[in-house]
Amino acid sequence: MDDHEYLEQTLEQAQAIMQKLDAAEGRILEVMGIGVGADGQVKATSNGRGGITELTFDPRVLRLDVVELGREVTVALQSAQFDAERQAQEIVSEVMVYAEAMPEPPNETYVRNRVEQVARELF
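Residues numbered from 1 in each chain as written. Predicted model: local features only at pLDDT ≥ 70, side-chain atom pairs only at ≥ 80, totals over all residues. Heavy atoms only, no water.

This brings us to the overall build of the protein. For the protein, the helix and strand inventory stands at three helices and three strands. Order of helices (α) and strands (β) in the protein, N terminus to C terminus: α-β-β-β-α-α. Whereas a compact globule of 123 residues would reach a radius of gyration of roughly 14 Å, the protein reaches 25 Å, over 25% beyond that. Dimensions of the protein along its principal axes, counting C-alpha atoms only, are 90 × 25 × 15 Å. (Helix = DSSP H or I, 4+ residues; strand = E, 2+ residues; numbered from the N terminus. Rg over C-alpha atoms; globule rule 2.2 N^0.38 Å.)

Next comes the structure, spelled out in structure tokens:
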């Protein structure tokens, strides 16, 4: 494979990965993590970026004191964010498989050797 073919192939691979990254970003925006408090009285929903999109309370939370309510809310929020993060990480991991398959960029030695080779061929 000559240099031109190598660069074209690398560019095509990079473009394909960029398309997969764009698609992954869209999928991450659709992620919905769900978390429930320890006693099941608080439910939270988080998006793929970790933002809380919904927080609902069972009427039984009115019986909880402030500390217990705080604990319920905290557990629900953290669980929802953890679930969303896990889902988003799975999506990113799928794309990273393709990125890891990309060839290493030419290093200084490779470039110098190619320039010297082309110079020798010219003379």
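Time to look at the sheet that holds strand 2 (residues 42-47). With antiparallel pairing, three strands are arranged side by side in an open sheet as 1-2-3. Among the strands making up the open sheet, the edge pair consists of strand 1 (32-36) and strand 3 (52-57). When the angles between neighbouring strand axes are averaged without regard to direction, this sheet yields 15°. In the sheet, strand 1 pairs with strand 2 via five bridges, with the strands oriented antiparallel. Opposite M32, over in strand 2, you have N47 as the bridge partner. Where helix 2 (residues 66-100) meets the sheet, its contacts fall on strand 1, strand 2 and strand 3, and the angle it forms with strand 1 comes to roughly 150°. (Pairing = 2+ DSSP bridges. Axes fitted to C-alpha atoms, helices over the stretch in contact; angles between N-to-C directions. Contact = heavy atoms within 4.5 Å.)

In an α-helix, one full turn covers 3.6 residues, which means residues spaced three or four apart are oriented alike. Between its terminal C-alpha atoms helix 2 stretches 49 Å, which fits the 51 Å expected from 35 residues at 1.5 Å a residue. When we look at burial in helix 2, the residues that qualify are E72, V73, A76, A80, D83, A84, A88, I91 and V95. Looking at the packing, one finds that the buried side of helix 2 touches helix 1 (3-29), strand 1, strand 2 and strand 3. A distance of 3.0 Å separates the backbone nitrogen of V67 from a side-chain oxygen at the start of helix 2, and that oxygen is part of D65. (Expected span 1.5 Å × (residues − 1). Buried < 20%, exposed > 50% of the residue type's maximum accessible area, 1.4 Å probe, protein only. Polar contact = N/O pair within 3.5 Å; in protein donor to acceptor, adjacent residues only side chain to side chain.)

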